[in-house]
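# Topology and contacts: notes
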Amino acid sequence: MPLIRPAAPVTLDAVDLRVLHMPLVSPFTTSFGTETVREVIIVTAETPDGRGWGEVVTQSEPSYSSEYTQGAWDVLTRFLAPALLARRTVAPEEVAGALHHVVGHRMAKAGLELAVIDAALRAENRSVGEYLGAEKDRVPSGVSVGIQSDPRALVAAVGGYLDEGYVRIKIKIKPGRDIAETDAVRSAFPEIPLQVDANSAYTLADADTLAQLDRFGLLLIEQPLQEDDIVDHAALAQQLKTPICLDESITSVKAARDALALGATTVINVKAGRVGGYLEALRIADLCESAGIPVWCGGMLETGIGRAANAALAAHPAFTLPGDVSASARFYTEDIVTEPAVLEDGHVRVPTGPGLGVEVDLDALERFTVARETLRR
Ligand code: OSB
Ligand code: MG
């Protein structure tokens, strides 16, 4: 069965790119650093029938992955957007092929592809949920909690999110800020679905430390070792009871297939940006569904644009674990869409309107914009 019902091609008149700086409600700290402002690229695909919106989820520094905003800006303006504009028309399913000659830069490609998907679906009056195979009208919402000043502060932060209704907690860990943190959260909340994310901060030599996490009954540990440590992850899996879930390492359906074949992971975090787009994300979900591997939708502190697409993806039946699909207010006091995602009974609604099903607040977009360039055919 084909993964999706294709959408008709759109005529691309222009691609508009903006860098936005959006203040975060509170600093977000991971093993690779602290963010206080989300720097993100918003893509507009301009067609004779209207606009489509996309989001490039790079961060300002190449820490989570080798991609970063200024690098994405360079490759988008010099190579990717010109390659798409050189075609008279393009269908969403043709974008990846049209950009294939550029190696890597998956987040940049994913943002362009999403703008074309949105434009094409709006023109056909189809929702991104229908397009991606969503089978739910709302998805369970997990929250990713950054490293705090100490375990007590972490317990307080987690308690706040539980009070809001989040159904699954993920805490960030790093060497020296792991066992005591997880112990504190587990002791305070013995029953909650809990997982940890190391963002590549350990090596196989830390296996004994990581094995101490086994006693906390975690759903999984996310990306303990580095992006290219596939064989080491397989070795680590032999030493842990906690399931390993790869994030950074899964850059494509091929990488997913290899990691599964080697026993490096038993759960997969799917992020459209990391893998080059929502269609590749769907291929990974499909692979995992066939293999009986649970998947969940990861997040990259998306604005309302990417957040809408993530909610739709997470509503696909392959996504059997709660994702990092939180309410907009988890990260932002002001979003760039008119109806930001809210938490309702621990869930986020899957938009049903045409395309992404959200309208961009052009005033807010303008206020957060720090750079802009329009490329034309
Ligand atoms: O590893 O999942 C990650 C944010 C930025 C970069 C990497 C990660 C994250 C998160 C936040 O954990 C997830 C979210 O958007 O809610
Ligand atoms: Mg992660």
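Heads up: the structure comes first, above all this text.
Each value, and the rule that gives it
- Residues numbered from 1 in each chain as written.
- Chains lettered and ligands numbered in written order.
- Predicted model: local features only at pLDDT ≥ 70, side-chain atom pairs only at ≥ 80, totals over all residues.
- Heavy atoms only, no water.
- Buried < 20%, exposed > 50% of the residue type's maximum accessible area, 1.4 Å probe, protein only.
- Helix = DSSP H or I, 4+ residues; strand = E, 2+ residues; numbered from the N terminus.
- Pairing = 2+ DSSP bridges.
- Donors = N, O, S within 2.8 Å, 3.2 Å for Na, K, Ca; no water.
- Near = heavy atom within 4 Å.
- Polar contact = N/O pair within 3.5 Å; in protein donor to acceptor, adjacent residues only side chain to side chain.
- Areas by Shrake-Rupley, 256 points an atom, 1.4 Å probe, with all protein chains shown as cover.
- Nonpolar A, V, L, I, M, F, W, Y, C, P; charged D, E, K, R; others polar.
- Axes fitted to C-alpha atoms, helices over the stretch in contact; angles between N-to-C directions.
- Contact = heavy atoms within 4.5 Å.

### Describing the pairing of strand β2 (residues 14-30)
Where burial is concerned, most of β2 is hidden: 12 out of the 17 residues are buried. As paired strands, β2 and strand β3 (residues 33-47) are joined by 13 bridges and run antiparallel to one another. Bridging across to β3, histidine 21 finds its partner in glutamate 39. Between β2 and β3, which pair antiparallel in sequence order, lie 2 residues. Where β2 and strand β15 (residues 369-376) come together, 7 bridges link them in antiparallel fashion. Paired with valine 15 across the strands is leucine 375, a residue of β15.

### Observations regarding the coordination of the magnesium ion (ligand 2)
On the protein side, the magnesium ion (ligand 2) has Asp197 (OD), Glu222 (OE) and Asp247 (OD) as donor atoms, found 2.0 to 2.3 Å from it. When the donor residues of the magnesium ion (ligand 2) are listed from N- to C-terminus, their spacing reads D-x24-E-x24-D. With aspartate 197 in strand β9 (residues 194-197) and glutamate 222 in strand β10 (residues 221-222), this pair connects stretches of sequence that are 25 residues apart. By relative accessible area, which is 0% here, aspartate 197 ends up buried.

### Observations concerning the site of ligand 1
Taken together, 16 residues sit near ligand 1, with Ser144, Lys170, Lys172, Asn199 and Leu301 positioned nearest. Here an oxygen atom of ligand 1 and a side-chain polar atom of lysine 271 are 3.0 Å apart. Between ligand 1 and the protein, one listed contact pairs an oxygen atom with a backbone N or O atom of leucine 301 at 2.8 Å. Here ligand 1 loses 100% of its free accessible area of 390 Å² to cover by the protein chains. Classifying every residue of the shell around ligand 1 gives 5 nonpolar, 4 polar and 7 charged.

### A few points about the sheet that holds strand β13 (residues 295-297)
Taken together, the 7 strands give an open sheet; going across it, the order is β7-β8-β9-β10-β11-β12-β13, and neighbouring strands pair in parallel fashion. Strand pairing shows two members of the sheet lacking a second neighbour, β7 (142-145) and β13, which therefore form its edges.

### A word on the sheet that holds β3
Spatially, 4 strands are ordered β4-β3-β2-β15 in an open sheet, and the strand pairing comes out antiparallel. Two strands lie at the open edges of the sheet, namely β4 (50-56) and β15, each paired on one side alone. Each strand axis lies, on average, 25° off the axis of its neighbour in the sheet, ignoring direction.

### Describing unusual backbone geometry
With glycine set apart, most residues show a phi of negative sign, and most peptide bonds adopt trans. Within the chain, asparagine 199 stands out as a residue other than glycine whose phi angle is a positive 45°. Following the sequence through the fold, asparagine 199 ends up in the loop between β9 and α7 (207-211). Despite not being glycine, aspartate 345 shows a phi value in the positive range, around 55°. The topology assignment puts aspartate 345 in the loop between α12 (304-314) and β14 (347-349).

### A closer look at the side chain of arginine 126
By the secondary structure assignment, arginine 126 is in the loop between α3 (106-124) and α4 (128-132). Within the structure, the side chain of arginine 126 is placed 3.2 Å from the backbone oxygen of proline 6, a separation counted as a polar contact. Setting aside anything within four residues of it in sequence, one finds arginine 126 in contact with Arg5, Pro6, Ala7, Leu121, Tyr131, Gly353, Pro354 and Gly355.

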